[in-house]
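# Architecture and fold: a report
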Amino acid sequence: MDQYCILGRIGEGAHGIVFKAKHVETGEIVALKKVALRRLEDGIPNQALREIKALQEIEDNQHVVQLKAVFPHGAGFVLAFEFMLSDLAEVVRHAQRPLAQAQVKSYLQMLLRGVAFCHANNIVHRDLKPANLLISASGQLKIADFGLARVFSPDGSRLYTHQVATRWYRAPELLYGARQYDQGVDLWAVGCILGELLNGSPLFPGENDIEQLCCVLRILGTPSPQVWPEITELPDYNKISFKEQAPVPLEEVLPDASPQALDLLGQFLLYPPRQRISASQVWNEVSRTKELWRQLCLRRWSSCKSSQMTLGTQTWKQYYLCRSELEFRMESGRPEKDFICKAIAGHEGGIDELAYISTNECRFDGQEKSVVCTVSSDSTVRAWDVQEVASAEGVLYVLTVPQLQLLSRTRVFPSSPTGLLCSPDCQWVFASTQNSDLGPKVYYTRSLLCLLEDDPPVSTTLPIWLTSRACWAPDETARLMVMHRNSNSTELAITTYELGARQPQEGVDVVVQQIASFLLPDTMTPPHLMKGHGSQVILLVSGSELVLFTIQGLQLAAFQDHQKPITSLWVDQSRVLTASFDLSLRVYVWNKENKIPVLKSCYHLLGGSHRWASGFTHVESDSMSIVGVEARSIGTSILRSYCFNMQHGSDDCVS
Ligand code: ADP
Ligand code: MG
C-alpha cells in the first residue's frame, strides 16, 4: 500500500470500498479496491479470490478492466485496477434524454465484445449491470467487478448459488431458484442493459424478488412449459404461481426504439436460457456491418484517420482484408527466400549516413568506378568501391573494402562533420557540424582532392546555425536545402540556397544565394530525415510520417503508413522508399504528371541478424532491384545488399 497515495473515495459496492490512488513513483492513477475479510472465520475472501482468478484468466482484453496488481492488506486484499472515469449507470443517469441510437449501439458493441470474450473463456460474470460497466476517459466501455464471476465447467455438472446478479438484471431462471445455469444469465443481463439504454431507466425495476418476477412477466407474459419446458424442473416453479398474462409487444414498451434494436432486445429477453442469442452470435452479426470494419481499420492503421484517405472502390471490409493479407505476406517474407542477399562486413562503428553515391559517369576518384562515401559515428569518412557484378538476376552492385580515407584529414573538417552531402554534379560537398557556434560549410570538391597543397580548401560558411539536416535538389547542379533553427532557435526552418563558383585569377570564390525559406508547422515533430526531389520538392520524415513540402513551404502530401518510426529514406527519380525500425519497407512511386507521390506498394524484410535497416545505396531503376540496404546488429554494422523484383514482391497495393 505504501506505493500508493490515496486521492479519494470513488465508490462502495457490495464487496468493498474503491479508492482513487496515485502510484508514488510512476504517477499512474489507479482504482484500489479493498476487499475486507468481514469475519476472521470467513477464511480467505472468496469474492476477492474469484475476482483475481477470473481476471487472471481473462488476461488482456480491451473491454475488460485491467487488473494491475494484487497485494494483501490488513485482513484482506487490495486489487489495483486501471482507473476509469465513469460508469454506464452514471452515463444513463446524466443523459438529458434517451441516448442516441449510435451511442447505444457503440456501448452495446463494446459490452458484447467483452462478454463474448469472457464466455469464450468459460467465465460467467453473473453481475452485469450498468454500475459494473466502467467508461474510460476516451469513452471505452470495460467490464468490471468480477467479484461474483465464476469460471464455469462447461459440462454443467456443478451446482451454483442462485443468489447472484443484482435483482433488476437477474435472469428468470435465477428468480425461480435455478442452481444450474450458464452464460445465459449474462445474456439476460445484457438484454436488461440494452433495454435500459433504450428506455433511459431500468426495464424491470422490481422492489423485491417476487415483485421482480412480476415485472418480467408483465412484459414478457407468464412463462409456460410450452415455451420453456425446463421451467418445471426449477426449484421454485411450484412455489409461486401467477395469473396468466399475455406478453406485451416490445414496441409498445419502448415506442421510440428502432425495429432493429427491438428485434435484438427480443432475442436476449427470452425465457429459455439456451435460446438467448449468444454474445458472439450478435457480435458476428454486428461484424457484418460497415461500421465494424471501419472501426477495425481505424484502430489498426492510424493513416486511415486522415480524411484524405481514398478507399477507391474498396469497402472497409475489403480494405481491411486486403491490407491485413498484405501485412501477413510482408511478415512472412524472408530475405533468404525473397531476396538475393549479400552482406559485406568490415565497417566498424555505426554507419550514420551513406553520404553519397557517385554513379559510374561521375568517376569521382578518376577511375572507372563508383564510390560510396560513408560517415561513421566515430567521425571517420570512408570511401567505398562499388563493383558491378553480373548475376542471373541482373546487375548487382557490391561494395568492397574501404580503399580511401581521402576526406578524413583533420585540416579539412576541424569540427568533426556530422554529415557529408555531395551535390548532384559532385562539385560541392556540404558538411554540417555538431558545433552550435559554427554554421555549416560548403566545400568546393576539387579543392578537397588536392591533398598535397597546404592551402585550406575553398569553402563558405552558411549564415545559419543549429542545422540538423540538409539535402541537394537532384535536378539542379547546386541547390541546397538546409533545415535549421530560426534566429531565436524556437522554430525549425528550411532554407534553400543556390551555390555558384566564380573563378577569379587565382583560386575560386563561392557565391551563395538564398532562394527560399519557410518555417515548419510547429505541430510537426522535428524531422529526422530529409531528401530532395526534382528541383522544388522536399521530403521530410518525422517519426513514422513522411511529409512532402515545396521549397516555399507548401505541404503537398503526408503519409502515415509505417507503424514504427522510419529509419531510412531513399528518393530517386522514379520512386521513394522508406524503411522503418521493424524493417518494413515501403515503396512509393512518383506520379509523373503532378509530381505527387502515390502510395504504391510495400515489402517487409525480416530475419537474419538485422536490427535496423538504414540507408539504401542503390536503386536500379530498370531491373527494379534494391541494392545495399544497410542492416545493423548489435555492435557491428553490416552492409547487406538486397536485390528483389518488386513486381513479384508487392504488386497488389492498397492505395
Ligand atoms: P463492488 O463489487 O463492491 O460492486 P465494484 O468493482 O463494482 O465493486 O466497484 C464499485 C464502484 O467503484 C463501481 O461501481 C465504480 O463506480 C467504482 N470503481 C470500481 N472500479 C473502478 C475503476 N477501475 N476505476 C474507477 N472507478 C471504479
Ligand atoms: Mg459493482
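What comes next is a walk through the structure. (Residues numbered from 1 in each chain as written. Chains lettered and ligands numbered in written order. Predicted model: local features only at pLDDT ≥ 70, side-chain atom pairs only at ≥ 80, totals over all residues. Heavy atoms only, no water.)

## Focus on the overall build of the protein chain
Regarding its fold elements, the protein chain presents 14 helices and 34 strands. In the protein chain, of all internal contacts separated by at least 6 residues, the share reaching a separation of at least 24 is 50%. Working note: accessible area of the protein chain is about 31500 Å², and carbon and sulfur atoms make up 50% of it. (Helix = DSSP H or I, 4+ residues; strand = E, 2+ residues; numbered from the N terminus. Contact = heavy atoms within 4.5 Å. Areas by Shrake-Rupley, 256 points an atom, 1.4 Å probe, with all protein chains shown as cover.)

## Considerations on the coordination of the magnesium ion (ligand 2)
Of the protein atoms, only Asn132 (OD1) and Asp145 (OD) coordinate the magnesium ion (ligand 2), at distances of 2.2 Å. Of this pair, Asn132 sits in the loop between β7 (123-124) and β8 (133-135) while Asp145 sits in the loop between β9 (141-143) and β10 (150-151), placing them 13 residues apart in sequence. Both residues of the pair, Asn132 and Asp145, count as buried. (Donors = N, O, S within 2.8 Å, 3.2 Å for Na, K, Ca; no water. Buried < 20%, exposed > 50% of the residue type's maximum accessible area, 1.4 Å probe, protein only.)

## Here's the deal with the packing of helix α3 (residues 101-120) against helix α5 (residues 184-199)
Look at α3 against α5: their axes get within 11 Å of each other, and the N-to-C directions meet at 170 degrees. In terms of orientation, α3 and α5 fall into the roughly antiparallel class. When α3 is examined against α5, the residues Val104, Tyr107, Leu108, Leu111, Leu112, Val115 and His119 are found in contact with a partner set consisting of Asp186, Leu187, Val190, Ile193, Leu194, Leu197 and Leu198. Each residue belonging to the contact of α3 with α5 can be placed in one class, and the counts come to 12 nonpolar, one polar and one charged. (Axes fitted to C-alpha atoms, helices over the stretch in contact; angles between N-to-C directions. Parallel < 35°, antiparallel > 145°, perpendicular 65-115°, else oblique. Nonpolar A, V, L, I, M, F, W, Y, C, P; charged D, E, K, R; others polar.)

## Brief notes about the sheet that holds β9
Here three strands make up an open sheet; going across it, the order is β6-β8-β9 and the pairing antiparallel. Two strands in the sheet have a free side with no partner beyond their single neighbour: β6 (86-87) and β9. Summarising the sheet, β8 and β9 pair through three bridges and their orientation is antiparallel. The residue of β9 that forms the bridge with Ile135 is Leu141. Against the sheet, α3 makes contact with β8 and β9, and its axis sits at roughly 30 degrees relative to β9, the strand it touches most. (Pairing = 2+ DSSP bridges.)

## Observations concerning unusual backbone geometry
We note that Arg126 has phi near 70 degrees; this positive angle belongs to a residue other than glycine. Secondary-structure assignment places Arg126 in the loop between β7 and β8. Judged by its relative accessible area of 3%, Arg126 is buried. In the Ramachandran plot, Asp145 falls in the positive-phi region, its phi being about 60 degrees despite a non-glycine side chain. Residue class for Asp145 comes out buried when judged on its relative accessible area of 15%.

## Overview of the sheet that holds strand β26 (residues 545-550)
Strands sit in the order β24-β25-β26-β27 across an open sheet of four strands; the sheet is antiparallel. Only two strands of the sheet have a single neighbouring strand rather than two, namely β24 (529-533) and β27 (555-559). Sheet twist, expressed as the mean angle between neighbouring strand axes with direction ignored, is 20 degrees. Direction of pairing for strand β25 (residues 537-542) relative to β26: antiparallel, over a ladder of six bridges. If you follow Leu540 over to β26, its bridge partner there is Val547.

## Re α5
Between the first and last C-alpha of α5 there are 22 Å, a value that for 16 residues agrees with the 22 Å anticipated at 1.5 Å per step. With 15 of 16 residues buried, α5 lies mostly within the body of the structure. In the segment just after α5, Gly200 is the residue with positive phi, at about 85 degrees. (Expected span 1.5 Å × (residues − 1).)

## Notes on the environment of Tyr4
One can find Tyr4 in strand β1 (residues 4-13). Residue Tyr4 is classed as buried on the basis of its relative accessible area of 10%. Measuring from C-alpha to C-alpha, the distance between Tyr4 and Val30 comes to 8.8 Å, with 26 residues separating the pair along the chain. For Tyr4, the contacting residues outside a window of four places in its chain are Ala21, Lys22, His23, Val24, Val30, Leu32, Phe71 and Ala80.

## Some details on the environment of Ala470
Within the secondary structure, Ala470 sits in strand β20 (residues 467-472). Between the C-alpha atom of Ala470 and that of Ile494, which follows or precedes it by 24 residues, the distance is 8.7 Å. Apart from residues lying up to four places away in sequence, Ala470 is in contact with Leu421, Phe430, Leu480, Met481, Val482 and Met530.

## Focus on the pairing of strand β21 (residues 479-485)
A large share of β21 lies buried, amounting to six of its seven residues. Here β20 runs beside β21; their pairing, made up of five bridges, is antiparallel. Considered in β21, the bridge of Trp472 is made with Leu480. Where β20 hands over to β21, the hairpin turn is made up of six residues, counted between the paired strands.

## Examining the nonpolar core
Leu88, Tyr107, Phe204, Leu265 and Phe268 are the most contacted members of the largest nonpolar core, which totals 64 residues. When residues in this core are grouped by element, the largest group, 10 residues, is from α5. Excluding residues that lie within four positions of it along the chain, Leu88 makes contacts with Tyr107, Pro130, Leu133, Ile135, Leu141, Ile193 and Leu197. (Core = buried A, V, L, I, M, F, W, Y, C linked by side-chain atoms within 4.5 Å.)

## Let's talk about the pattern of salt bridges
With the rule as written, the count across this model stands at 11 salt bridges. Among the ionic pairs, Lys68 bridges to Glu28, the shortest N-O distance being 3.1 Å. In this pair, Lys68 is assigned in strand β4 (residues 67-73) and Glu28 in the loop between β2 (16-23) and β3 (29-35), connecting sequence segments 40 residues apart. Using a relative accessible area of 34% as the deciding quantity, one classes Lys68 as partly exposed. Under the relative-accessibility criterion, Glu28 is labelled partly exposed at 34%. With a shortest N-O distance of 3.8 Å, Glu211 and Arg218 are connected by a salt bridge. Linked through salt bridges whose partners overlap, the residues forming this network are Arg167, Arg170 and Asp209. (Salt bridge = Lys/Arg side-chain N within 4 Å of Asp/Glu carboxyl O.)

Honestly, it's all geometry; don't read function into it.
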